Amino acid sequence: MKASPILRWGGAAALAAACAPLASAHPGHGPLDLGAGLLHPLTGCDHLLAAVGVGLWAGQSPGPARWALPGSFLGGLAAGALAGLAGLAPAGTELWILSSVFVFGFLVAGAIRLPLLAAAAVALAAGFFHGAAHGAEMPAGAASACFMAGMFLTTAALHAGGVLFAARGSLLARWAGAAIAAGGLALALGA
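From a predicted model like this one, the values you see are computed outputs, not experimental measurements. (Residues numbered from 1 in each chain as written. Predicted model: local features only at pLDDT ≥ 70, side-chain atom pairs only at ≥ 80, totals over all residues. Heavy atoms only, no water.)

## Side note on the overall build of the protein
Helix and strand counts for the protein come out as eight helices and zero strands. Its helices and strands taken in sequence order, the protein reads α-α-α-α-α-α-α-α from the N to the C terminus. At a minimum sequence separation of 6, the contacts of the protein that also span at least 24 residues come to 85%. Of the roughly 8700 Å² of accessible surface on the protein, a fraction of 75% belongs to carbon and sulfur atoms. (Helix = DSSP H or I, 4+ residues; strand = E, 2+ residues; numbered from the N terminus. Contact = heavy atoms within 4.5 Å. Areas by Shrake-Rupley, 256 points an atom, 1.4 Å probe, with all protein chains shown as cover.)

Structure (structure tokens):
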């Protein structure tokens, strides 16, 4: 009996996520201002891969999911940043961040569509953990609002780029998803 694509990709994602504790995908940052916030999504591999992955997955999705998924990620990013700033970052945040890279990579590579609410919940949760890590890293007195604003703008641009790229060809988007999953594995293994 042949396994369904969801089981195959889900199993691969679970295996990859098991490797996640081997590395920290979210190192600290330099000055926390608007410029650093604008640059972080481009220089933080975990953030770059997840943000592009969300955009690609949204671009593969029909109707309202196309913009609901990026919007959910950004909403989660904001909520997570506030939780982190308040000292409420959940345990295992790094594991969830790495897992989100794998999950988005596999969802895109497998062209897997979920019901809108489930897909939005996945994007929201991933954004929350990314935001919580940043909020928790903020030193007292840092220009956290400026950093976060810059990070949100660049993240939104990466989402939009992913949506536009996926609209150009499903096979290219699926290959990009496989590359994102491979990048997540490289992060997990500390490459």
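## Brief notes about helix H2 (residues 34-43)
Among the residues of H2, Ala 36, Gly 37, His 40 and Pro 41 are the ones counted as buried. Looking straight down H2, one finds that the buried residues subtend no more than 130 degrees of arc, so they occupy a single side. Opposite the buried face of H2, by more than 90 degrees, sit the exposed residues Leu 39 and Thr 43. On its buried side, H2 packs onto helix H3 (45-60), helix H6 (116-137) and helix H7 (144-168). (Buried < 20%, exposed > 50% of the residue type's maximum accessible area, 1.4 Å probe, protein only. Arc of directions from axis to C-beta.)

## Points about helix H4 (residues 65-85)
With 21 residues, H4 extends 30 Å between its outermost C-alpha atoms, agreeing within 8% with the 30 Å of an ideal straight helix rising 1.5 Å per residue. Along H4, the residues that are buried comprise Ala 65, Leu 69, Pro 70, Ser 72, Phe 73, Gly 76, Leu 77, Gly 80, Ala 81, Ala 83 and Gly 84. Around the axis of H4, the buried residues are gathered within 170 degrees of arc, so they sit on the same side. Structural note: H4 exposes Trp 67 and Leu 82 on the side pointing more than 90 degrees away from its buried face. After H4 finishes, the residue Gly 87 shows a positive phi value of roughly 80 degrees. (Expected span 1.5 Å × (residues − 1).)

## Quick notes on the side chain of His 130
Following the sequence through the fold, His 130 ends up in helix H6. Residue class for His 130 comes out buried when judged on its relative accessible area of 0%. Side chain to side chain, His 130 and Ser 100 meet in a polar contact 3.0 Å long. (Polar contact = N/O pair within 3.5 Å; in protein donor to acceptor, adjacent residues only side chain to side chain.)

## Quick word on the packing of aromatic side chains
Enumeration over the complete set of coordinates arrives at three aromatic pairs. Residues Trp 57 and Phe 104 carry aromatic rings whose centres are separated by 6.1 Å and whose planes lie at 50 degrees to one another, so their mutual orientation is tilted. Highlighted residues: Trp 57 in helix H3 and Phe 104 in helix H5 (residues 93-109), separated in sequence by 47 residues. Residue Phe 104 is classed as buried on the basis of its relative accessible area of 0%. Taking the centre distance of 5.6 Å and the plane angle of 85 degrees together, the rings of Phe 128 and Phe 129 count as edge-to-face. The class of Phe 129 is buried, set by a relative accessible area of 16%. In textbook terms, an aromatic cluster arises when at least three aromatic residues are bridged by ring pairs, as seen for Trp 96, Phe 128 and Phe 129. (Phe/Tyr/Trp six-rings, centres within 6.5 Å; stacked < 30°, edge-to-face > 60°.)

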